[in-house]
Structures are given as structure tokens and as C-alpha cells.
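A look at the structure
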Amino acid sequence: MSRSGLIEQERFTCAIGALQTVVAIPRAVPILHSGPGCGEMIAGFFERSTGYAGGCTSPCTNFTEKEVVFGGINRLRDIIKNTYKVLDTDLQVVLTGCTAGIVGDDVDSLVSEFAEEGKPIVSVETAGFKATNFEAHSLVVNAIIDQYVSRFEDENKPKSQKNTVNLIASIPYQDPFWKGNLAEYKRLLAGIGLKANVLFGPQSGGVKEWQSIPTALFNILVSPWYGKPIADHLKSKYGQEYTWFHHIPIGANQTEAFLNQVVEFAIEQGADIDKAAAQEFIRHESNAYYEEIDNLATFLLEFRYGLPNHAHILHDAGYVVALSKFLLHEVGIVPKEQFITDATPEKFHEAIRADLKSTSDKKEIPLCFEPDAGKAQEILRGIHHNGRGLIIGSGWDKELANEKGYDFLSAAIPSPYRLVMTTNYAGFTGGLRVIEDIYQMVLSTYE
């Protein structure tokens, strides 16, 4: 952070931003016990992300001075009751804002009253001063597991489904490609013989899928750090081991490594996997990928003097490492100074540095953990390399790219210059999409 303690161009939100985790569950509704601006702030940050009832449309107690003085628990009780009357929902998750956290309303006890009546409701403490939305995502998921999923354990015996896994990967909406990525993970895992609970988005079975979480044989964590508390909690609660792939698999090299890792782990855990069939699926997908790469030869030869030769990435840790590996080994663009802007907890820094360092044994890629993206931009302004450059970041980085005469690819939030619906960057097809996005952007400069 800067000396003033303020962050310029914050690329994450406070803990209550995890309301998007709830919004991403089909027919689930976040209920905000907070001031009136919290939902609107989150809606403005994520854009086009209201889902079933999110952002500005989320039920909210609209904390005022009255609730600060006298408490807002009665107000919250009314809001919950009215939500049941107005909205046809499968799950309600009450999230507390800063004011409720300071006042000390006993939200858990109130929510327990409704839960005892059989209502599908959960409470989570998400006062903004306690965590970022990256961390609060795990708080919300674990709260749903403990307060809702646990009610169905008798009919969903732990580890009873040998070929079912729980996938812990993209954070909904924080990852602009989360819908496409989860769909691609699910497709790839099905190809090697596994049924994946993706839990979020249109590929999810909603609360029924959440109820079946305990039945999974093991879990798959795709993340450098966020989501790890979920995997650890499921291991402790249901005895489910997990295999950890530390960055997003983009392109052939990393997707093959990811799938092979999962296959070996699945067999080790006792899953009924046909290893030969799984490897044949991986080969088929890889061959299809490289056929498209071969088709690029004429284009690359024609434009070889007008393509970017180095890149800077401003993104979360998962994408910085993933894109660096992909660009160097499969696109031929050299990753230069990289900036991780997700406020990664310091205890994970060393492992992430090691993962990025393994990208190349020839030259180390400079890496900066900098949640103050404004400061990251100032550092980048003072860096100069020969050749045509590329910046991959959020919409805030477009002007910086223009200043430096670099190409620019919007791949992080906030992203006002790009509409993402079901695009994926993960997997074989995700690698091809990244190539398309980069070179389409380069070609547009010739208009």
C-alpha cells in the first residue's frame, strides 16, 4: 500500500463482495444486514452481475442511525420474513456489513430461529474491515457447508460416490471468465471419467448439488491460495483429500499436466477410472489444440514483425502465473515484470514465486505483489523494453498501454471495455481463446 494507507484502483472488494458467491448459486439470495450503499457498491464494481437477486436488488436492512443506536435485529427479522413472501428461493444467505459488525447484532441466533423452522438459511459475518472478497468467498462457502449442507448428511453419506469430485476453482464474478472456466473444467473432468460438482453458475445443479458435497470421493483445488480454506475444511469435516493445482491451466502444457495430476490422484483415492481411456481423451484434446496452432503458421509468418514480443500482467496470482507460463511456452511472448494485485496473504508469497520461477530455467520473471494497482502502474511507467509490448489487465490499464504504445487485453475486473458472458480461458479451448483475443486486438491496430 501507499504511505497514506489508501489504495488506488483496487481490484478486489471488501468482504461483503462475497455476496456474488451467493448470487452465483442458482436460486440463492443474499440478504444484506448493512447500510444501503453496500449492495450498490458491489453491483457497480462487478457490473452485469445481479443474477437471481444480487447487487442493487438484494434484500437489505438499509442500516441507518437508528439501527446504529438501537440495533437492527428486528429490522433484519422483518426483511427475512418478507423475503420469503416475495421471492421464491432455494437458499438465503445473510451477510453482515461493517455497521452490523460494529453494533454487534446477534445475527447468528436470529438466523438459527428460522433454520430451526426448516428454512434454508445461513448467516455469515462479512464486515468489510475483516477480509477481502477473495477471503470471504471461503467464509461463505464454509458457512453454507456447516449450516445448510450438514442438514442432509444422513442421506448423503460422505465419500459414497467413487467418481464424484467437488471442484474448488474460479471465484464467481471476481474471475470474469468464471462461468466458461467452470463449464470447461466440468467437460474436461467428465472426459477422464469424473463427475464434477461445480457448485456455481448454469452448470451447477443448485442446492441439490450442494447437498451432495459430502458424497464426493475427493476434491480438486485450482488456485494459488484463495479457496484453500474450503478444501481444508472439507478434508477435516468429511475426510475428503484434495489434489491442488496451483494456477489456472491454460493451453496444452498446463491442461495436460492438470488432467494427468487428477487422473493419478483419482486412482490413488480409489476412483473407478479407466486410465487408458482418460489418456486417450487427453491426447485427442491436445491433438485438436495443436491442429489449430499449426493453422496459425501463415498468420505468424506474415505478421512476425508486428506482433508483441513481451508482456506485463496485472491480475490475481492464479492468472499471473498461468498466463506467464502460457505466453512464454505456447505463444512466444516473453513475460517481463508481473504484478499480482489480489492482496495475497504473505504466507503464500514464497510458493507463488516458486511456481512462477519454474516457468523458465533461463531467466527469472520479476514479480511484484502489489494490491495498490495505481502504484503498480507507476512502477510499470518507469520500465522500458525493446520491441512491441502487451499489457494484460483491467480496464484501468488501457490508458497506461496507450501511453507506452503497447497493445492491451482486458482480462481482469473492472472491465468496462469488454463484455464477457461464457468465454473461458481455462483448458485447451481457453488457450486458443487467449491467442484469438491477443491477435485480434493486434490486428485491430492495422485498421
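Residues numbered from 1 in each chain as written. Predicted model: local features only at pLDDT ≥ 70, side-chain atom pairs only at ≥ 80, totals over all residues. Heavy atoms only, no water.

Looking at an unreviewed UniProt entry, the protein carries the name Nitrogenase, with the source organism given as Acetivibrio straminisolvens JCM 21531.

Concerning the overall build of the protein
The helix and strand inventory of the protein stands at 18 helices and 13 strands. Summarising its shape, the C-alpha atoms of the protein cover approximately 70 × 55 × 40 Å along the three principal directions. The buried share of the protein, taken over its 447 residues, is 57%. When contacts within the protein are restricted to residue pairs at least 6 apart in sequence, those whose partners lie at least 24 apart make up 74%. For the protein, the accessible area works out to roughly 18700 Å², and carbon and sulfur atoms hold 51% of it. (Helix = DSSP H or I, 4+ residues; strand = E, 2+ residues; numbered from the N terminus. Buried < 20%, exposed > 50% of the residue type's maximum accessible area, 1.4 Å probe, protein only. Contact = heavy atoms within 4.5 Å. Areas by Shrake-Rupley, 256 points an atom, 1.4 Å probe, with all protein chains shown as cover.)

Topic: the pattern of salt bridges
Tallied over the entire structure, the rule returns 20 salt bridges. Between Asp397 and Arg11 there is a salt bridge; the shortest N-O distance is 2.6 Å. With Asp397 in the loop between β12 (389–393) and α17 (398–404) and Arg11 in the segment before α1 (19–23), this residue pair connects regions lying 386 residues apart in the sequence. Judged by its relative accessible area of 3%, Arg11 is buried. Of the charged contacts in the structure, one is a salt bridge between Asp355 and Lys325, with a shortest N-O distance of 3.7 Å. Taken together, the positions of Asp355 in helix α15 (residues 349–357) and Lys325 in helix α14 (residues 317–331) put the pair 30 residues apart, joining distant regions of the chain. One exposure class covers both Asp355 and Lys325, and it is buried. Shared partners join several salt bridges into a network, and the residues in it are Arg27, Asp88 and Asp90. (Salt bridge = Lys/Arg side-chain N within 4 Å of Asp/Glu carboxyl O.)

Quick look at the packing of α14 against helix α18 (residues 427–444)
At a minimum axis separation of 12 Å, α14 and α18 run at an interaxial angle of 80°. Between α14 and α18, the crossing angle belongs to the class labelled roughly perpendicular. Where α14 abuts α18, its residues Leu323, Phe326, Leu327 and Val331 lie against Gly431, Val434, Ile435, Ile438 and Tyr439. Of the residues in the contact of α14 with α18, the class split is eight nonpolar, one polar and no charged. (Axes fitted to C-alpha atoms, helices over the stretch in contact; angles between N-to-C directions. Parallel < 35°, antiparallel > 145°, perpendicular 65-115°, else oblique. Nonpolar A, V, L, I, M, F, W, Y, C, P; charged D, E, K, R; others polar.)

Some remarks on the side chain of His310
With respect to the helices and strands, the residue His310 is situated in strand β8 (residues 310–315). Side-chain polar atoms of His310 contact the side chain of Asn309, separated by 2.6 Å. At a separation of 3.3 Å, a polar atom in the side chain of His310 contacts the side chain of Tyr406. For His310, the residues in contact, after removing those within four places along its chain, are Ile333, Val334, Lys336, His385, Asn386, Gly387, Arg388, Gly389, Leu390 and Tyr406. (Polar contact = N/O pair within 3.5 Å; in protein donor to acceptor, adjacent residues only side chain to side chain.)

Examining the sheet that holds strand β6 (residues 216–222)
By definition, the strands of a sheet pair up through backbone hydrogen bonds, in either a parallel or an antiparallel sense. The four strands are arranged β5-β4-β6-β7 in an open sheet whose pairing can be described as parallel. Either end of the sheet is taken by a strand with one partner, and the two such strands are β5 (195–197) and β7 (242–245). Sheet twist, expressed as the mean angle between neighbouring strand axes with direction ignored, is 30°. Across the sheet, helix α11 (residues 251–269) lies against β6 and β7, angled at about 165° from β7, the strand it touches most. (Pairing = 2+ DSSP bridges.)

What to know about the domain arrangement of the protein
When the parts come together, some accessible area is lost, and that loss is often what is quoted as the size of the interface. Parsing the protein into structural domains produces domain 1 (15–147), domain 2 (161–272) and domain 3 (284–443). Here the C-alpha centre of domain 3 lies 24 Å away from the C-alpha centre of domain 2. Each partner contributes residues to the interface: domain 2 has 29 residues there, and domain 3 has 39 residues. Taken together, the two surfaces of domain 2 and domain 3 that pack against each other cover about 2700 Å², and 66% of this comes from carbon and sulfur. When the buried surface of domain 2 facing domain 3 is broken down by residue, Phe177, Trp225 and Ile250 rank first, second and third, together holding 28% of it. A salt bridge links Arg187 to Glu285; the nearest nitrogen and oxygen atoms lie 2.8 Å apart. At the boundary of domain 2 and domain 3, one finds 15 residue pairs in polar contact (both at pLDDT 80 or more). When contributions to the side of domain 2 that touches domain 3 are tallied by element, the ones reaching two or more residues are α8 (178–191) and α11. When its residues are assigned to classes, the side of domain 2 that touches domain 3 shows 14 nonpolar, nine polar and six charged. (Domains from an automatic or database assignment. Buried area = accessible area lost by both parts, 1.4 Å probe.)

Remarks on the sheet that holds strand β1 (residues 28–33)
Strand order across the open sheet formed by three strands is β1-β2-β3, with parallel pairing between neighbours. In this open sheet, the two edge strands, each paired with only one partner strand, are β1 and β3 (121–125). Pairwise comparison of adjacent strand axes, ignoring direction, gives a mean angle of 25° for this sheet. The sheet contacts of helix α6 (residues 107–116) involve β1, β2 (91–96) and β3, and relative to β3 the element is tilted by about 170°.

Some words on the packing of aromatic side chains
Using the criterion set out here, one finds 17 aromatic pairs in the structure. Ring plane angle 20° and centroid distance 3.9 Å describe the contact between Phe177 and Tyr425, whose orientation is recorded as stacked. Here the residue Phe177 occupies a position in the loop between β4 (161–168) and α8, and Tyr425 occupies one in the loop between β13 (407–410) and α18, the gap between them amounting to 248 residues. In terms of burial, Phe177 and Tyr425 fall into one category: buried. Members of the aromatic cluster, each reached through a chain of ring pairs, are Phe134, Trp225, Tyr226 and Phe348. (Phe/Tyr/Trp six-rings, centres within 6.5 Å; stacked < 30°, edge-to-face > 60°.)

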